[in-house]
Every structure is written in structure tokens, then in C-alpha cells.
Amino acid sequence: MHKILQNSGWLLIDKLARLFFGLITMAMIARYIGPVEFGIWNYSIALTAIIGGIAVLGLDKIVVKELVAAPERRDEIISTALFMRVVAGILSCTICIGITWFTRQNNPLYIWCTSITALNILLQSFDVFDYYYQAHNQVQRVIIPKVTVFILFCLIRIACVRMNLSFMVILWVSLAELLITYLLIFAYYSWHEGITSVFKIRMQEARYLFSQSWPLLFTGVLVLLYMKSDQLMLDILTTPQQLGEYAAAARISELWYAIPTVIAVAILPNLIRKRQTNHDRYLENVEKWIRLSMWGSTTIAVVMTIASGRLTGLLYGSQYPHAGIILSIHIWANIPVFLCVAIMQYQIVEGNYNANLYATITGIAANLIINLLLIPSLGGIAAAIATVISYTTVATCLIMVDKTGQGKMFMIKMLNPGKALADIWQLQLALKSSIENLLSVLRQKSLSK
């Protein structure tokens, strides 16, 4: 438990830095460039996120699982996964730029935004090294450079706003941030593991990884599609300004998605091992995770609904008048999102990858239908409603197609407030113990010096 909490603690530091520094920086940029350019930028982000989902190839979970199960194949797994992602990244960049070129020739800002943002897909291929450190519960080795560079470039972006530099300069600064981040991570890995360790590409390994990951590839792309398709549809069916208002609200709401993501990344290696050694304890841990997700996300939704109007007004000002009501609706998607992350992780550990695929297809169908019907009349409010309904549809479908039969039991037990309080108490004790252990280690290091 201490190792998991330590691992998730580093991930939480990364997400909190992006929550506070990132939100403030993005709000300043949104105020500076206005809702129209902010909407065009978010169109580019949405398009590259959806197409860029192809470049991940579903490897983010599979590589971690394989590294835990077969550490002797480490170099072949890392090298092959990196090669696969780079090739897919080049293809995805080309597709993004091509789509924008043929559909937005009359507006150069769309083309420039998409071209620069698409290069991020290629750079993110180096997330493969994250998988290695996740598998060994050593994420601090990538979190420290990521957070350091992120905070530095937040300050640079703020300076760009203060100096009244152009929006294009801000775009190039964002690309430079990722370039420096991944160069540092690649250099660190090569220094410690050897530069030759990243050149052991095996076609047989590639075929095996893809045979395991292709359901997650489709699932990942579809997840991004129903996360981001509302923004594309808002741009097509309404105006960039309405997209800008919706994106401003959604950014606040979606920042909370970092919490279940952090837990999922930190807990996956332990769940895989626990299932092999103590199946009852493994099911108990999943049950607690789902229950805490339910009650924690509900608390967030209630608090943010009450504060939505004041918060969006404070961050974005009068240029984004509808952002508050959009946020008050969109934030309720956090409940099914928290539950979906936990249930999907359980399905991955069980090897039931197709369940995630079926549920995601159902969710995107609901999302597209509601958006097509309501966006022309309600704009961003319709997109927020569609988001909540589609995520709820996914969570429901995941339970319905669960082969193990445990999903329904998890849902019943998660509503028990008494057990939820007991889980919170155990979590508090575990956190206290983890902090005491950390302080003890720091004191010992200080005395030894």
C-alpha cells in the first residue's frame, strides 16, 4: 500500500500542477485571445486528440501489463512499442493536417493551429518510457522533469500574454514544452538503461503486442471520439465562439478526470499481481475503489455546481457568459467517468478487452445522436447534456456486458454509505502511515549525511 500511495502521490503532484498552474495559465490565454480564437484552437486540439488516439495503439495498458508479467522481455517490449508508436504518430500527424487542409482552406488559423498541435502526437510516442516506470512503481523519474518543465513553460506562456505576443508564438511555446520534456525523459532512460536498449525492435513482438492491444486501440479512439466529437460538432453546427465557451467550461470539469486516472495508473500493476496471489483481496480492493469513486465524484459534482457561475466568471470574465451554466451540467459527467475508469481497469485485469469496446460504441452512439438533435438549438448546453448521458450509458453498458458477474455486485455495494465511511477511514490511516514512513526515510537520510 505504501508503494502504491507513493506512486500515486507523484502522479497526483503532476495532475495538481496541471490543475492549478495549467488552469490559471489557460484562463489567461483564453481571456487574451478571446472566445473565437480559443474555439479554433480547441477545434485543433479535439481533432488531433481523436486522430492521435490511433497513435497510442492501445499500448498504454498492455505494455504495463506485459512488463509486469515478463520483465525479461523489457528491452524488446520498450523498443518495439516505441517504434510502433512513432510510425503511427507520423501517420496520424499527416491525417490531421490533411483533413484541416481540405476542409478549412479559407481560414489559415485553423491550418496553423492543427499543424503545430499535430506534432504533439509524434512527441507523445515517448510516453512509452512512462509505461516502464509505471510498471516498476517509479513514476517520479518522469513526473519530476514533466512537472518542472510544465511549470517553467506556464510562466513563459504568461510572459507571452503580458508582452502581448501573438497567438502563434503561444502555440510554438506549447510545442517546445513537449519537445524539451520528452528529450529529458529519453536522455534519462538512455543514461540509466543504455542507449542500445531502445534499438531491440522485434517484429514478432510487435505482432504479439498488437494482437493484445487492438481492442483497446478501438476503445481508446472511440473514447476520444465521444470526449471530443462534441467540440468538432459545435464548430461545424454553430460558431467558434460557442465552441470557445463550451471548451472553457469543459476544461474545468475535465481536470477532475485526473483523479481516477492517477489512481488507475498507480494501482494497475498491484491489481495484476494481487489477482495472481489473492483473488478475494483483489476483488475487495476493486470494490473499495469503485465505492470511493462513487462518493468522491458525487461530492465534487455538488460543490462545483454551486460554485460554477462564480468560478467561470473569475477565470474567464464576461467574454464567456454561458460557461457557468455549461459547467454546472458538464460536471455531473464526473460520476460516470470515475466509475468507468475503475470498471474498465477491472475489465483489463480480467482480460475482457471487448467489454470496453462494446460499451464505448454504445456511448458514442448516444453522444452523437443527442448532439445532432440538440446542438443547433442549445449550443454548448446540449453538448454538456450529451456528455453526461453518454458517459452514464457507457458505465451502464460495462456492467451489463461484464462476463464475471461481479459488476452488478460492485454497483450494489458502492451505494452503502457505511462501507464508504469505513473505506475513507482506512484510506486516511494508509495515507497517514505512508506520510510517516516518508518522513522517517527523510530523517534517516538527513542523519546519515
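Residues numbered from 1 in each chain as written. Predicted model: local features only at pLDDT ≥ 70, side-chain atom pairs only at ≥ 80, totals over all residues. Heavy atoms only, no water.

Asks: Please clarify how the side chain of Arg85 should be interpreted in this entry.
Replies: Secondary-structure assignment places Arg85 in helix H3 (residues 74–103). Despite its burial, Arg85 pairs with no opposite charge; the closest candidate is Asp127, at 4.4 Å N-O. Within the structure, Arg85 has its side chain in polar contact with the backbone oxygen of Gln124 (distance 3.1 Å). (Helix = DSSP H or I, 4+ residues; strand = E, 2+ residues; numbered from the N terminus. Buried < 20%, exposed > 50% of the residue type's maximum accessible area, 1.4 Å probe, protein only. Lys, Arg positive; Asp, Glu negative; His and termini not counted. Salt bridge = Lys/Arg side-chain N within 4 Å of Asp/Glu carboxyl O. Polar contact = N/O pair within 3.5 Å; in protein donor to acceptor, adjacent residues only side chain to side chain.)

Asks: It is not clear to me how the nonpolar core should be interpreted in this structure. Could you clarify?
Replies: The tendency in soluble globular proteins is for nonpolar side chains to be buried side by side. Core analysis: the largest hydrophobic core is formed by 115 residues, its most contacted members being Phe38, Trp41, Leu59, Phe167, Ile290 and Tyr316. Of all the elements, helix H1 (residues 2–56) adds the most residues to this core, at 16 residues. Those residues within four positions of Tyr316 in sequence are excluded, and the remaining contacts are Leu23, Ala27, Ala30, Arg31, Ala248, Arg251 and Ile252. The next biggest cluster of nonpolar side chains, apart from the first, holds 7 residues, and it includes Met227, Tyr257, Val388 and Tyr391. (Core = buried A, V, L, I, M, F, W, Y, C linked by side-chain atoms within 4.5 Å. Contact = heavy atoms within 4.5 Å.)

Asks: Looking at this structure, how should I read the pattern of salt bridges?
Replies: Working definition: two side chains of opposite charge can pair if their charged atoms are close together. Here the structure, examined in full by the defined rule, presents 9 salt bridges. With a shortest N-O distance of 3.3 Å, Glu66 and Arg73 are connected by a salt bridge. Of the residues examined, Glu66 reaches a relative accessible area of 9% and is grouped as buried. The partner of Arg291 in a salt bridge is Glu287, and the shortest N-O contact between them spans 2.9 Å. Here Arg291 and its partner Glu287 are both found in helix H11 (residues 279–316), 4 residues apart, which amounts to about one turn of the helix.

What is shown is where atoms sit, not what they do.
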